[in-house]
Amino acid sequence: MSLLSELSEQLPGRAHGPGATEYDAGRTVFAGVGEPDAVVRPHTTQEVAAAVGLAAAAGIPIAVRSGGHGLLPVDDGLIIDLAEFTSIEVGVGGLVSVGGGAHWGDVAAALAPHGLGISSGDTRDVGVGGLALGGGIGWLVRGQGLAIDALREVELVTASGEVLTVNDTTHPELFWALRGGGGNFGVATRFVFQASPVGDLVSAHVNFDRSDVPAVLRAWRDVMRAGPDELNSSLILMPPMGPEMPGGPQLAAALLGDEAQLRALLAPVLALASVAEVSIAPSTYGELLEDAPPGRPPFRFVGGNGFVPDLTDAALDAVAAAYARDVPTMVLLRALGGAFSRVAPDATAVAFRDAETLLIVNGVVPSDATDEHVAVVQAGSDAALAFTSGVYGNFATTYGDEVTAAMYPPATLERLRRVKAQLDPGNVFRLGHNITPAS
Ligand SMILES: Cc1cc2nc3c(=O)[nH]c(=O)nc-3n(C[C@H](O)[C@H](O)[C@H](O)COP(=O)(O)OP(=O)(O)OC[C@H]3O[C@@H](n4cnc5c(N)ncnc54)[C@H](O)[C@@H]3O)c2cc1C
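Please read all numbers here as calculations on a predicted model, not as lab measurements.

Reading the values: rules and limits
Within each chain, residue numbers correspond to sequence positions counted from 1 in written order. Local features in a predicted model are, by the rule used here, given only for residues with pLDDT of at least 70; side-chain atom pairs are given and counted only at 80 or more, and totals for whole chains, interfaces and linings are based on all residues. By convention in this description, side-chain values take in all heavy atoms of the structure and omit both hydrogens and water. What counts as a helix is a DSSP run of H or I of at least four residues, what counts as a strand is a run of E of at least two, and both are numbered from the N terminus. For a compact globule the rule gives 2.2 Å times the number of residues to the power 0.38, and the radius of gyration it is set against comes from C-alpha atoms. Note on classification: 1.4 Å probe, protein chains only; a residue is buried when its accessible area is under 20% of the maximum for its type, exposed when over 50%, partly exposed between these limits. We call two residues in contact when some of their heavy atoms are within 4.5 Å. Residues are classed as near a molecule or strand on a simple rule: at least one heavy atom within 4 Å of it. Here a polar contact is taken to be a pair of N or O atoms separated by no more than 3.5 Å, where protein atoms must pair a possible hydrogen donor with a possible acceptor and residues adjacent in sequence count only if both atoms sit in side chains. The protein chains shown are the only cover counted for residues, whose accessible areas, like all others here, come from Shrake-Rupley with a 1.4 Å probe. Charged residues are taken to be Asp, Glu, Lys and Arg, nonpolar residues to be Ala, Val, Leu, Ile, Met, Phe, Trp, Tyr, Cys and Pro, and polar residues to be all remaining types, Gly included. The pairing criterion is simple: DSSP has to find at least two bridges between the two strands. When a carboxyl oxygen of Asp or Glu is within 4 Å of a side-chain nitrogen of Lys or Arg, the pair counts as a salt bridge. Lines fitted to C-alpha atoms define the axes, with helix axes restricted to the stretch in contact, and inter-axis angles between N-to-C directions lie between 0 and 180 degrees. Geometric relationships in this document are graded by angle, where less than 35 degrees denotes roughly parallel, more than 145 denotes roughly antiparallel, 65 to 115 denotes roughly perpendicular, and other angles denote oblique. Whether a crossing is left-handed or right-handed is set by the direction in which the near helix is turned from the far one by less than a right angle, anticlockwise for left-handed and clockwise for right-handed. The set of buried Ala, Val, Leu, Ile, Met, Phe, Trp, Tyr and Cys residues whose side-chain atoms join them within 4.5 Å is what this entry labels a nonpolar core.

1. Focus on the overall build of the protein chain
Scanning the protein chain from N- to C-terminus turns up 14 helices and 20 strands. For 439 residues, the compact-globule estimate of 2.2 N^0.38 gives 22 Å, and the C-alpha radius of gyration of the protein chain, at 22 Å, lies within 12% of that figure. Across its three principal axes, the protein chain shows a C-alpha extent of roughly 70 × 55 × 40 Å. The buried share of the protein chain, reckoned over its 439 residues, is 53%. The long-range fraction of contacts in the protein chain, counting pairs at least 24 apart against all pairs at least 6 apart in sequence, stands at 73%.

2. Thoughts on the site of the ligand
Taken together, 32 residues lie around the ligand, and Ser66, Leu71, Asp122, Ile137 and Tyr392 are the ones closest in. At 2.7 Å, a backbone N or O of aspartate 122 approaches an oxygen atom of the ligand. Asparagine 394 places a side-chain nitrogen or oxygen 3.2 Å from an oxygen atom of the ligand. For the ligand, whose accessible area on its own is 950 Å², the fraction buried by protein is 91%. Considering every element that reaches the shell around the ligand, the biggest residue donor is helix α5 (residues 128-134), with four residues. Residue composition of the shell around the ligand, by class: 14 nonpolar, 16 polar and two charged.

3. As for the pairing of strand β15 (residues 231-238)
Burial of β15 is extensive: seven of the eight residues sit out of reach of the surface. Taken together, the eight bridges between β15 and strand β16 (residues 248-256) define a ladder with antiparallel strand orientation. Looking at the pairing, leucine 235 lines up with leucine 251 of β16. In terms of strand pairing, β15 meets strand β19 (residues 329-335) through four bridges, oriented antiparallel. The residue of β19 that forms the bridge with isoleucine 236 is leucine 332.

4. Examining the side chain of arginine 27
Topologically, arginine 27 is positioned in helix α2 (residues 21-27). Here the side chain of arginine 27 touches glutamate 35 through a polar contact of 3.5 Å, side chain to side chain. Apart from the residues within four sequence positions on either side, arginine 27 is in contact with Gly32, Val33, Gly34, Glu35, Pro36, Val39 and Ile79.

5. Quick notes on the pattern of salt bridges
If you walk through the whole model with that rule in mind, you get 19 salt bridges. Between aspartate 313 and arginine 218 there is a salt bridge, with its nearest N and O atoms 3.7 Å apart. A residue pair is termed long-range when its members are at least 10 positions apart, and aspartate 313 in helix α11 (residues 313-324) and arginine 218 in helix α8 (residues 213-226) qualify at 95 residues. Through salt bridges with shared partners, a single ionic network connects Arg218, Arg221, Asp222, Asp313 and Asp317.

6. With respect to the packing of α8 against α11
Think of two packed helices as two axes; the pair is described by the angle between the axes and how far apart they sit. Contact geometry of α8 with α11 gives a least axis separation of 10 Å together with a crossing angle of 140°. Classified by the angle their axes make, α8 and α11 are oblique. As for how α8 packs across α11, the hand of that crossing is right-handed. Seen from α8, the contacting residues are Val213, Pro214, Leu217, Arg218 and Arg221; seen from α11, they are Asp313, Leu316, Asp317, Val319, Ala320 and Tyr323. Here the residues of the contact of α8 with α11 sort into seven nonpolar, no polar and four charged.

7. Topic: the nonpolar core
Core analysis: the biggest nonpolar cluster contains 41 residues, and Trp104, Ile118, Leu174, Phe185, Phe191 and Phe193 have the highest contact counts within it. At five residues, helix α7 (residues 172-178) tops the list of elements feeding residues into this core. Non-local contacts of phenylalanine 193, meaning those with residues more than four positions away in its chain, are made with Gly94, Leu95, Val96, Val98, Trp104, Ile118, Val128, Ala132, Ala147, Ala150, Leu151 and Arg152.

8. Notes on the pairing of strand β10 (residues 151-157)
For β10, the tally of buried residues reaches six of seven residues, placing the bulk of the element in the interior. Bridge count between β10 and strand β12 (residues 187-194): six bridges; the pairing is antiparallel. Looking across to β12, one finds that glutamate 155 is bridged to arginine 190. Bridge count between β10 and strand β11 (residues 163-166): four bridges; the pairing is antiparallel.

See below:
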């Protein structure tokens, strides 16, 4: 009997195959559309456990769909779509229980009336499951750390179909692994986060022309080094995309504070001759989150990301050189430090805590670019990425042993592999950034 038939028999109305609307919704992710064996959309944790049990017994790999913004299209395997797990309950002392399939925009909206926020990402549509299990870098990262730093408990369905309540006391090693180890250890049906008060916010957008990119890079770095944890910011170097879109540096910043304070903190960048446009306005945490683009763009990004422990002048020169090359190149610098760096490297599986910045460098090439062209563009991106250590898995757009090895220092990866061997020795949860079980 096929997996779909077995699932349909045991979980009537929950299993879906080709032709069903739920199948199409489950198999369509940001990066494209797959051809999985089946999509199951459980309504309860027990139904999740039943689906996991059937797939695991048949040796069929499982991918979990929360927001669908991380998975690469799945062609063989079962997708467990958590579309029914979207509840958000604000409890005593700012403890918030969030379903494993909720979206971060909905979390922000539910917390706003309470004056609370959870450090998450920049985008409304991104799922709680994928972002939280991989780390979670967003607008509150310097004040509150990563999303995983606010995580207090996870309800997890393991490969054996067991339902565990995982926290620092019940299963400390598994709780450590879940905070950065991705979807390797089971299906997270519920998360409990500690939300924090988010007071008055003010946001700034500053566009620069391309006349002196090195000066913008240095001024931004210096402002963020001197700035308080309440100041968060990213700097994007946009490539020119035709006459209407000349490209150039774009700074976005948010401060828990008021406009005068933000202007004072940003004064060195606002004084630069290349400033073209400035807008500064009061905001809310929810308003800072953006809608995701409809899907992966129709061209190829060639480069990668990494954590920069020290944004030296040499590192900034390499970034400026990568941006200035002939190939259109997009660069993103995200200020870290603050609360992100006050977490010990071995406290969670996201270990590169000494980073002051996350750097993404991508050359833009046509989808059908030759291997030779791709190799040249990759080398140009790598020259800037040479100043990084490690890779942020949530922003890595390919899977593979090399990518997984770059996401963790060797000792962290070995520790994760030991947890994987205990929880999922058959490696049923291997369809994302795969951590192979220790032998
Ligand atoms: C437009 C866009 C904007 C982004 N912005 C940010 C940002 O600001 N900050 C940031 O840190 N990241 C950001 N990301 C990256 C994002 O964190 C990852 O892509 C993340 O994996 C997406 O989570 P998801 O739940 O939407 O993805 P999904 O595709 O649903 O899942 C991704 C992975 O996590 C696993 N998984 C998901 N939910 C569960 C669960 N409940 N239990 C077990 N495993 C699960 C899946 O099996 C899969 O391996 C962005 C990505 C995109 C495409």
